[in-house]
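# Examining the three-dimensional arrangement
The chain contents come next:
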Amino acid sequence: MNLPNKLTVSRFVLTAVFMGAVFWRSPLNDTLALLLFSVASLTDYFDGKIARSRNLITNFGALMDPLADKILTCAAFIALVERGQMLNNETAVKVHAWMVIIIVSRELAITGLRLLAASKQLVLAAERYGKHKTISQMTAIIALLMLDACPEWGGWAKTMILPWLPWFARIA
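Each value, and the rule that gives it
- Residues numbered from 1 in each chain as written.
- Predicted model: local features only at pLDDT ≥ 70, side-chain atom pairs only at ≥ 80, totals over all residues.
- Heavy atoms only, no water.
- Salt bridge = Lys/Arg side-chain N within 4 Å of Asp/Glu carboxyl O.
- Helix = DSSP H or I, 4+ residues; strand = E, 2+ residues; numbered from the N terminus.
- Buried < 20%, exposed > 50% of the residue type's maximum accessible area, 1.4 Å probe, protein only.
- Axes fitted to C-alpha atoms, helices over the stretch in contact; angles between N-to-C directions.
- Parallel < 35°, antiparallel > 145°, perpendicular 65-115°, else oblique.
- Left-handed = near helix turned anticlockwise from the far one by under 90°.
- Contact = heavy atoms within 4.5 Å.
- Phe/Tyr/Trp six-rings, centres within 6.5 Å; stacked < 30°, edge-to-face > 60°.
- Core = buried A, V, L, I, M, F, W, Y, C linked by side-chain atoms within 4.5 Å.

### A few points about the pattern of salt bridges
Scanning the model with the defined rule gives eight salt bridges in all. Between D47 and R11 there is a salt bridge, and its shortest N-O distance comes to 3.1 Å. Note that D47 is positioned in helix α2 (residues 29–53) and R11 in helix α1 (residues 3–23), a separation of 36 residues in sequence. R11 carries the same exposure label as D47, and that label is buried. Between E107 and K70 there is a salt bridge, with the nearest N and O atoms lying 2.7 Å from each other. With E107 in helix α4 (residues 97–119) and K70 in helix α3 (residues 59–80), the pair connects residues that are 37 residues apart, well separated along the chain.

Pasting the structure below:
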């Protein structure tokens with residue numbers, strides 16, 4: 001198994017560990033969840049970059065890389081449903097269930113299309129718009145995870161990061 005495929009497989013493992021960090025309540029679990037999700041997101045960038053630069057593109061990678069992304073992002077969005085946080089006693093930042101239903105439905109539809117194509121010996125690789133969508137979803141998730149982790153970082157985070165983060169999370 002080549003390095004890009006190992007990075008793809010590692011994303012599945014990191015997703016499971018990330019989910020454990022999200023639901024395990026401890027003093028720094030939100031920071032740990034943020035770090036794990038960020039590392040998993042970076043493996044997505046590096047597996048594609050390495051595969052293209054070294055001509056290591058495989059059918060396994062073309063099928064499993066987008067699937068690993070979908071599992072990571074869908075798991076994160078589902079975990080964030082209704083996990084709101086009140087900021088400045090007025091702003092509730094949360095991921096609504098209807099948003100996640102739309103995201104997960106689209107991902108299942110695309111995965112079904114890819115499986116149908118694979119049954120006909122065709123591999124549908126991710127296209128440019130799908131990659132932009134994944135980057136934007138991962139950025140939004142990181143912003144939402146930062147909102148949860150900021151209180152663990154102390155007073156400086158509340159004054160320097162927290163004021164603009166809800167705005168950024170909404171547009172990401």
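### Considerations on the packing of α2 against α3
Contact geometry for α2 and α3: axes closest at 11 Å, N-to-C directions at 160°. In this view, α2 runs roughly antiparallel relative to α3, as classed from their interaxial angle. Between α2 and α3 lies a crossing of left-handed hand. Judged by residue contacts, F37, A40, S41, D44 and D47 of α2 engage D65, D69, L72 and A76 from α3.

### What about the packing of aromatic side chains?
For the structure on display, the rule yields two aromatic pairs. On the basis of an interplanar angle of 55° and a centroid distance of 5.4 Å, the ring pair of F18 and F37 is categorised as tilted. Separated by 19 residues along the polypeptide, F18 in helix α1 and F37 in helix α2 bring together distant segments of the chain. When its relative accessible area of 1% is taken as the criterion, F18 is described as buried.

### Examining the nonpolar core
Counting 33 residues, the largest nonpolar core has F18, F37, I141, L145 and L165 as its most contacted members. Among the secondary structure elements, those contributing two or more residues to this core are α1, α2, α3, α4 and α5 (128–149). No other element matches α5, which puts eight residues into this core. If near-sequence neighbours (up to four positions away) are discounted, I141 is found in contact with F37, T73, A76, F77 and L80.

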